[in-house]
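Single-letter residue listing:
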Amino acid sequence: ARVTGEQTLLRTDVVYDAGQPLNPAVDLGQIEGSWIMGMGLVTSEELLNDTESGALRTPGTWEYKPPCSKSIPIEFNVSFLNMSPNPGGIMSSKASGEPAVDLAPNALFAIKNAIAAAREETGAEFDFDLNCPATIERIQQACRVGKEHLTL
């Protein structure tokens, strides 16, 4: 990642409070999909507009990069929080659709930690900005790897 900016999420653990799930299999799919959607928002999905006309410059997947099969963490663990029924919900359930998107910024924090480690190896200053989404280009630039750090 230091040289190219490519990132691989090795493991993600999500413990989700769904109350008493109505259908655990459906809720699990909703949580996984929502988390992946959020991960795309913080790592790859960049909408760019033309500064003159305001037209979208990233209209398709050649320019706009939603998550794909290689974006999913190698180990993706999702479990439900036990003993958390919702007395006001239908059959004690809670929402299971898009709320898990709020958990995905943890992927961004992991990337920032990896960049900090790369910068420490090269002697670059510790403080740095990393705007969302943390694209391949932004990660590579934030790592501050110059040609003097490369050997054959």
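Residue numbers run consecutively from 1 along every chain, following the written order of its sequence. With pLDDT at 70 or above as the cut-off, local features in this predicted model cover only qualifying residues; side-chain atom pairs require 80 or more to be listed or tallied, and sums for whole chains, interfaces and linings still use all residues. The basis for the side-chain values is all heavy atoms of the structure; hydrogens and waters are excluded.

Another aspect to go through is the pairing of strand β2 (residues 75-80). Taken residue by residue, a regular strand's side chains alternate between the two faces of the sheet. Think of it this way: DSSP has to see at least two bridges between two strands before they count as a pair. Helix numbering and strand numbering both begin at the N terminus, where a helix is a DSSP run of H or I of at least 4 residues and a strand a DSSP run of E of at least 2. Inspection of the sheet shows strand β1 (residues 11-16) paired to β2 by 6 bridges, in the parallel sense. Note on β2: the bridge partner recorded for V15 is S79. A crossover connection joins β1 to the parallel β2 through helix α1 (residues 24-43); in handedness this β-α-β unit is right-handed. When the strands point away from the viewer and the connection leading from the first strand across the helix to the second strand turns clockwise, the crossover is called right-handed.

Position of K147 among the secondary structure elements: in the segment after α3 (136-143). Between the C-alpha atom of K147 and that of F76, which follows or precedes it by 71 residues, the distance is 35 Å.

A separate point is α3. Here the term buried applies to any residue with accessible area under 20% of the maximum for its type, exposed to any over 50%, and partly exposed to those in between, with areas from a 1.4 Å probe on protein chains only. Turning to α3, its buried residues are I139, A142 and C143. In an axial view of α3, the angular spread of the buried residues amounts to 100 degrees, which keeps them on one side of the axis. Pointing more than 90 degrees away from the buried face of α3 are the exposed residues E137 and Q141. Against α2 (105-122) lie the buried residues of α3. What the arc covers is the set of directions going from the helix axis to the C-beta atoms. Residues are treated as being in contact if the distance between any of their heavy atoms lies within 4.5 Å.

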